[in-house]
Amino acid sequence: MYEKLPNLVIGFHGCSKDTYDAVITHHEDLKASNNSYDWLGNGIYFWENNLARAWDWARRKYNNEAAVLGAVIDLGYCLNLTDSNSGDILKHGYEILAALCDDSGIELPKNRDSKKTKDILLRDLDCAVIQTVQKTYSLEDGTVGFDSVRGVFTEGEAAFPGSAIQAKTHIQICICNPNCIKGYFEPRSKNMSYRLP
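Since we're looking at a predicted model, the values are computed, not measured.

Asker: Any details on the pattern of salt bridges? Residues and values, ideally.
Answerer: By the definition in use, this model includes 4 salt bridges. For R53, the salt bridge is made with D56, and the minimal N-O distance between the two is 4.0 Å. Of the two residues, R53 and D56 both sit in helix α2 (residues 51–62), 3 residues apart, roughly one turn of that helix. One network of salt bridges, with partners in common, ties together R53, D56 and R60.

Structure follows, in structure tokens:
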């Protein structure tokens, strides 16, 4: 009943300069990611209200060809992983996936850690469960059940010695229904003559 989040959010998408130009200048749509290891299933990814993380990610992936674009997003019918009710939905999706894998005689996907850090960056199991949830909740016309998926991820080193807070913790959004994206924009720099409201 409360899966429809009522507010618009700002998201930032790290990309190449070519992708940025295609979207901002030529009004093309971003393409959905369809990797087996996508953290929140298949869709278009944004860092929620986090321009710095989008730039960090883009620079690591694209070096001097990095760019970031902003988007105004209505999350619509959202699988909000910050809501405790999502646990039951995910558990049900896992049970369905496990039964399907067992019936087919194939191994259940596994999440994998990065060889460079202790963070789990390749989330094949999470992706497969969320894709199973999307199919389970899909509409009669085959449209995915949830317009978006939103999750908090703890990542990185401790923020300070002894802290349980990690320095790269962030909220990520996966847009499954591109109509949730109400518009794109070029992020602007702060006017140093004024305080931020």
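Asker: For the packing of aromatic side chains, give the residues involved together with the corresponding values.
Answerer: Using the criterion set out here, one finds 5 aromatic pairs in the structure. On the numbers, 6.1 Å between centres and 80° between planes, the contact of F12 with F185 is edge-to-face. Within this pair, whereas F12 is found in strand β1 (residues 8–16), its partner F185 is found in strand β9 (residues 181–185), the two being separated by 173 residues in sequence. Look at F12 and you get buried, because its relative accessible area is 10%. For F185, a relative accessible area of 25% corresponds to the partly exposed category. Consider the rings of W39 and F153, whose centres lie 4.7 Å apart with planes at 65°: the pair is edge-to-face. Here F153 lies in strand β7 (residues 148–153) and W39 lies in the loop between α1 (17–24) and β2 (44–48), a separation of 114 residues in the sequence. Comparing W39 with F153 shows no difference in burial state: the two are buried.

Asker: Quick one: what's the story with α2, residue by residue and with numbers?
Answerer: For α2, built from 12 residues, the straight-helix expectation of 16 Å at 1.5 Å per residue is met to within 8% by its first-to-last C-alpha distance of 16 Å. Within α2, the full set of buried residues consists of R53, A54 and A58. Here the buried residues of α2 occupy an arc of 130° about the axis, which is enough to place them on one side. In α2, the exposed positions that point more than 90 degrees away from the buried face belong to A52 and R60. Each element contacted by the buried residues of α2 is listed here: β1, β2, β3 (66–74) and β8 (170–175). Positive backbone phi, at 50°, marks N63, one or two positions downstream of α2.

The rules we used
Residues numbered from 1 in each chain as written. Predicted model: local features only at pLDDT ≥ 70, side-chain atom pairs only at ≥ 80, totals over all residues. Heavy atoms only, no water. Salt bridge = Lys/Arg side-chain N within 4 Å of Asp/Glu carboxyl O. Helix = DSSP H or I, 4+ residues; strand = E, 2+ residues; numbered from the N terminus. Phe/Tyr/Trp six-rings, centres within 6.5 Å; stacked < 30°, edge-to-face > 60°. Buried < 20%, exposed > 50% of the residue type's maximum accessible area, 1.4 Å probe, protein only. Expected span 1.5 Å × (residues − 1). Arc of directions from axis to C-beta. Contact = heavy atoms within 4.5 Å.

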